[in-house]
Number of protein chains: 2
Amino acid sequence: MEKKSLLIAQSGGPSAAINATLAGVIAAAQKSPEVDRILGSRHGIEGALHKNCIDLTDFSELEKLKATPAMALGSCRFKLPGDFSDPIYEQIRQNLEELGVGYFLYIGGNDSMDTVSKLSDYYAGKPGAPVVVGLPKTIDNDLPACDHTPGYGSAARYLAMTVEELIRDTAIYALPSVTIVEIMGRDAGWLTLAAGLPRLRGGTKPDFIILPEKPFDEDDFLEAVRRRMADTHNIVVVVSEGIRDHSGAYVGAGAKSGAVDTFGHLYLSGVGKYLERLVKEKIGCKVRSIEVNLMQRCASHVASQADLEESFAVGAHGVRLALEGASGRMAVILRGEGDGEYRFYCGSADIKACANQERLVPEKWFDLENPSVQKEICDYLLPLIKGAAPQFRDEYGFADYVIFD
Amino acid sequence: MEKKSLLIAQSGGPSAAINATLAGVIAAAQKSPEVDRILGSRHGIEGALHKNCIDLTDFSELEKLKATPAMALGSCRFKLPGDFSDPIYEQIRQNLEELGVGYFLYIGGNDSMDTVSKLSDYYAGKPGAPVVVGLPKTIDNDLPACDHTPGYGSAARYLAMTVEELIRDTAIYALPSVTIVEIMGRDAGWLTLAAGLPRLRGGTKPDFIILPEKPFDEDDFLEAVRRRMADTHNIVVVVSEGIRDHSGAYVGAGAKSGAVDTFGHLYLSGVGKYLERLVKEKIGCKVRSIEVNLMQRCASHVASQADLEESFAVGAHGVRLALEGASGRMAVILRGEGDGEYRFYCGSADIKACANQERLVPEKWFDLENPSVQKEICDYLLPLIKGAAPQFRDEYGFADYVIFD
């Protein structure tokens, strides 16, 4: 049996779980007799291009790596050219050959899977070419061909907990107020659904859960807020950053307001700030907008144990796919069916079904007032946020992260 | 011994620890034979004014109340008039008499202590008048006459952990970037110091810790950022929302940019957004600003155990002060000295020394590059963020809060 090197890289935006997938890859590769060396490519495909790698063959801090947020190997936003005669491909080929790479695993989201797709196409039919396999990652939960994506569960857990705390915070004054919480997810409303969990699982708030999949009508929204004010003083709205009006234009895009700052630039205020000003102007009560920002993707201190375990498992499954020679495929998480208990298992999908494509919240879930829809969403979501992940922290809350220099 | 009712209220902005102080009051009052009834005033002084109270005499969920963020009794932003002949005073006097109130405890920050000060002055010399005692609360840590304030430790713990996670998040790309984190504290930099803990305790980031106590110079800042870029690619800045320029004007106040939105209103963008645009314009690298917003004051899921214990203790001490007849005084947390080990104890201060006044970060701590200053700050801060507080949460992270209807 010829032994080969396994090269692993991370790409795209961070999450609390992408290092758990890296840990899963390392753990499985360490147990595979076919793998003689495990290399980590720094900054995604750029590490392969510049031969900037670190040796992970004997790396042992797997549990600590699982609990480390963002990307221990670094990331990139690099799109491979469409033309395989571009010298970049020959450079990567040479480097991988020199490193003895037989397996190249790439962890990332929709855009990063474009890299896996192109590289596996480039290598197709070439004798002795490395097997190229994709591993999913995105807090957005918008990759096709899977039940859910690694990283989503932890972001969802953070959002549900945070919105629950914000609801308490907004409840204290006996005055009418509207609090608008802007959530990531430009096209897909999965994270906004998670922020809505305190209501979807039986509470009364957040009062409004606004998905980007449905056209947003300002007048309808204002009217609904006015009606709701008859029943509650502290209205809480969770809204996707990517909602659009009936014409398909993003709501609150800077271009719409035409406002310009001291530097002469258009204000690119987000939808939260836009709705804040809209409610202030049209209703006139106390309004505040909150952008949850990067915290929703890096808050490892509330990572979901289920998410980290599944992310680890999908990494290990990617190694199995690579050893089987499944080039051009992506490992995915699927949901077991039948006995009513949640079970996940790992499978694979053609990378072409994932690269550059998005999976949206299904239309049957748009009716968020419907108890049977609420139950379906909870049945889907709750298993993904289950359990507090183990923490490597001192008594002051400071984390002992894995950091590669 | 004549038994009397004890009335307790909460006022001002929320924190993760103000309910712990409420729990401390209830626990101590339940053990006091002088107290026959414990009443909770809804929405601060407004509950006393409108006789809107709930009976807490037999309330038993003290541990759960300690872990509940924001204000279980509700809050108000109500300033008592300066003229004691205003009928509002007679209304409160009548209500408290009818309720048999002998002790009135008021939990709040600088502004709320104005209410305690006025009420105790109003009652001064009146026979049979209730004893009015203040209990401190503010995440800002800016009350005079104490070592630190209840609520600060939990906010500080949240900020230190969150900035540590944000640092990981910003480190992934091999491109120059500046991330600006805007922290609460309009005049006092205590929370910004806490956000700076990852560096103050020996790390390299955040690269800049900008306090509101020192005048801010844009050119000096830009020059320092440019210099720092030679050594690191991901610059992280933590900055107080209230920094001012040499003329004393708030940096980034909307009025300065003159920008107007669709509604014709001035943009009141915060200092984070302002510095983001400044760096973008003058340096031109990738920039992002993050407003930590309400999360820093309501994130009970990372409350500091030390903070909750001390907040509870100060509530109990307030009951002792009330029973001693110390009207017009505020309970405070002080720091034991001598043996090198951190110890806190409760004392009291004249309410006049606290109401409407602020305690700032001392000038001797401005030199944040100085190792001995860093050590002093850590010695001060670390005991306050020590320990993870017990949580009342299910496996999905949802909290079982105390909510009074």
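Residues numbered from 1 in each chain as written. Chains lettered and ligands numbered in written order. Predicted model: local features only at pLDDT ≥ 70, side-chain atom pairs only at ≥ 80, totals over all residues. Heavy atoms only, no water.

Draft legend 1. Examining the overall build of chain A more closely. Across its full length, chain A carries 14 helices and 11 strands. Taking 22 Å as the expected radius of gyration for a compact globule of 405 residues, we find that chain A reaches 23 Å, a close match to that expectation. Judged by the C-alpha coordinates and their principal axes, chain A covers about 75 × 50 × 45 Å. Out of the 405 residues belonging to chain A, those deemed buried represent 63%. Pairs at least 24 apart in sequence give 76% of the contacts found in chain A among residues at least 6 apart. (Helix = DSSP H or I, 4+ residues; strand = E, 2+ residues; numbered from the N terminus. Rg over C-alpha atoms; globule rule 2.2 N^0.38 Å. Buried < 20%, exposed > 50% of the residue type's maximum accessible area, 1.4 Å probe, protein only. Contact = heavy atoms within 4.5 Å.)

Draft legend 2. Up close: the relation of the copies chain B and chain A. Least-squares fitting of chain B to chain A yields an RMSD of 0.0 Å, with the superposition described by an axial translation of 0.0 Å and a rotation of 180 degrees. In symmetry terms, the pair is related by a two-fold rotation axis. Interface residue correspondence from chain B to chain A reaches 100%, placing this contact among same-surface, isologous pairings. (Least-squares fit on C-alpha atoms with pLDDT ≥ 70 in both.)

Draft legend 3. Expanded view of the pattern of salt bridges. The final tally for this structure, using the stated rule, is 48 salt bridges over all chains. Measuring nitrogen to oxygen at the nearest pair gives 3.8 Å for the salt bridge that ties K66(B) to E63(B). Taken together, the residues span about one helical turn, with K66(B) and E63(B) both in helix α3 (residues 62-66) at a distance of three residues. A single salt-bridge network, built from bridges that share partners, covers K205(A), D207(A), R228(A) and D231(A). (Salt bridge = Lys/Arg side-chain N within 4 Å of Asp/Glu carboxyl O.)

Draft legend 4. Structural context of the environment of I8(B). Residues and elements named next belong to chain B. By secondary structure assignment, the location of I8 is in strand β1 (residues 4-10). Between the C-alpha atoms of I8 and Y106, which are 98 residues apart in sequence, the distance is 5.9 Å. Excluding its chain neighbours within four sequence positions, the residues that come into contact with I8 are L22, V25, L39, G40, S41, L56, L73, L105, I107 and L135.

Draft legend 5. Fine view of helix α9 (residues 218-228) of chain A. All names here are of chain A. By the burial criterion, the buried members of α9 are F221, L222, A224 and V225. Buried residues of α9 fall within an arc of 160 degrees about the axis and therefore sit on the same side. Pointing more than 90 degrees away from the buried face of α9 are the exposed residues D219, D220 and R227. Looking at the buried positions of α9, the neighbouring elements they touch are β6 (177-183), β7 (208-210), β8 (234-240) and α11 (271-282). (Arc of directions from axis to C-beta.)

Draft legend 6. Empty space enclosed by the protein, seen in detail. Residue and element names in this part refer to chain A. Per the counting criterion, the structure on display carries five cavities of 30 Å³ or more. In terms of lining, the largest cavity is formed by 14 residues, of which the most central are A67, Q391, F392, R393 and Y401. Its residues assigned to classes, the lining of the largest cavity comprises eight nonpolar, three polar and three charged. (1 Å grid on protein atoms, 1.4 Å probe; cavity = no way out; pocket = protein on both sides within 12 Å on 5 of 7 lines; lining within 4 Å. Points joined across faces, edges and corners; volume = space filled by probe spheres on them. Nonpolar A, V, L, I, M, F, W, Y, C, P; charged D, E, K, R; others polar.)

Draft legend 7. Representation of the interface of chain B and chain A. Between chain B and chain A, the contact holds 66 residues from the first and 67 residues from the second. Both faces combined, the contact of chain B with chain A buries some 6100 Å², and carbon together with sulfur accounts for 62% of it. For the pair chain B and chain A, the interface holds eight salt bridges. Between E395(B) and K386(A) there is a salt bridge; the shortest N-O distance is 3.8 Å. Applying the counting criterion to the chain B and chain A interface returns 31 residue pairs in polar contact (both at pLDDT 80 or more). (Buried area = accessible area lost by both parts, 1.4 Å probe. Polar contact = N/O pair within 3.5 Å; in protein donor to acceptor, adjacent residues only side chain to side chain.)

Draft legend 8. Layout of the nonpolar core. Among the nonpolar cores identified, the biggest contains 93 residues, and L193(A) and L193(B) are the most heavily contacted of them. When neighbours within four sequence positions are excluded, L193(B) is seen to be in contact with L200(B), L211(B), V361(B), W365(B), L368(B), I377(B) and L381(B). (Core = buried A, V, L, I, M, F, W, Y, C linked by side-chain atoms within 4.5 Å.)

Draft legend 9. Looking closely at the sheet that holds strand β4 (residues 101-108) of chain B. All names here are of chain B. With mixed pairing, the seven strands of this open sheet are ordered in space as β3-β2-β1-β4-β5-β10-β11. Of all strands in the sheet, those bounded by a partner on one side alone are β3 (53-55) and β11 (344-350). Across the sheet, the axes of successive neighbouring strands diverge by a mean angle of 30 degrees, strand direction being ignored. With five bridges connecting them, β1 and strand β2 (residues 35-41) associate as parallel partners. Residue pairing for β2: S5 is matched across the bridge by R37. Here helix α1 (residues 18-30) sits on the sheet and contacts β1, β2, β4 and β5 (131-136); the angle it forms with β1, its principal contact strand, is near 175 degrees. (Pairing = 2+ DSSP bridges. Axes fitted to C-alpha atoms, helices over the stretch in contact; angles between N-to-C directions.)

Draft legend 10. Region of interest: the packing of helix α1 (residues 18-30) of chain A against helix α13 (residues 305-323) of chain A. All names here are of chain A. Between α1 and α13, whose axes approach to 7 Å, the crossing angle comes to 45 degrees. The pairing of α1 with α13 is recorded here as oblique in orientation. In the packing of α1 onto α13, the handedness of the crossing is right-handed. Judged by residue contacts, A20, T21, A23, G24, V25, A27, A28 and A29 of α1 engage L308, S311, F312, V314, G315, A316 and V319 from α13. The class makeup of the residues in the contact of α1 with α13 is 11 nonpolar, four polar and no charged. (Parallel < 35°, antiparallel > 145°, perpendicular 65-115°, else oblique. Left-handed = near helix turned anticlockwise from the far one by under 90°.)

Draft legend 11. Representation of unusual backbone geometry in the model. All names here are of chain A. Of the consecutive residues K205 and P206, the connecting peptide bond is found in the cis state with omega at 0 degrees. With respect to the helices, strands and loops of the structure, P206 is situated in the loop between α8 (197-200) and β7. Positive phi outside glycine occurs at N141, with the angle close to 60 degrees. Along the chain, N141 turns up in the loop between β5 (131-136) and α6 (152-170).

Draft legend 12. Focus on α6(A). Its 19 residues give α6(A) an end-to-end C-alpha distance of 26 Å, which sits within 8% of 27 Å, the value for a rise of 1.5 Å per residue. Counting buried positions along α6(A) yields 19 of 19 residues, so the element is predominantly enclosed. (Expected span 1.5 Å × (residues − 1).)

Draft legend 13. Spatial organisation of the sheet that holds β6(A). All names here are of chain A. Read from one edge of the open sheet, four strands run β7-β8-β6-β9, paired in parallel fashion. One side of each edge strand has no neighbouring strand; the edge strands of this open sheet are β7 and β9 (286-291). The average undirected angle you get between the axes of adjacent strands in this sheet is 15 degrees. Taken together, the three bridges between β7 and β8 define a ladder with parallel strand orientation. Note that in β8 the partner of I210 across the bridge is V239. Sheet strands touched by α6: β6, β8 and β9. Its angle to β8, the strand with the most contacts, is close to 150 degrees.

Draft legend 14. Just the packing of aromatic side chains, in detail. Residues and elements named next belong to chain A. Scanning the entire structure with this criterion turns up 22 aromatic pairs over all chains. Pairwise contacts between aromatic rings join F84, Y89, Y122 and Y123 into one cluster. In this arrangement the basic side chain of K66 is found over the ring face of F312, its NZ or CZ atom lying 4.7 Å from the centre. Over the ring of Y250 we find R186, and its NZ or CZ is 4.7 Å from the ring centre. (Phe/Tyr/Trp six-rings, centres within 6.5 Å; stacked < 30°, edge-to-face > 60°. Lys NZ or Arg CZ within 6 Å of the ring centre and 35° of its normal.)

Draft legend 15. Main features of the packing of helix α9 (residues 218-228) of chain B against helix α11 (residues 271-282) of chain B. Residue and element names in this part refer to chain B. Following both chains from N to C, one finds α9 and α11 inclined at 60 degrees, their axes separated by 11 Å at the closest point. Judged by the inter-axis angle, α9 sits oblique to α11. Here α9 and α11 pass one another in a crossing that is right-handed. Between α9, through E218, F221, L222 and R226, and α11, the contact on the second element is made entirely by Y274, L275, L278, V279 and K282. Split by residue class, the contact of α9 with α11 holds six nonpolar, no polar and three charged.

Draft legend 16. Local environment of the pairing of strand β10 (residues 329-335) of chain A. All names here are of chain A. With respect to burial, β10 is a largely interior element, five of its seven residues being buried. In this sheet, strand β11 (residues 344-350) lies alongside β10 in antiparallel orientation, the contact comprising seven bridges. Following the sheet pairing, A331 is matched in β11 by S348.

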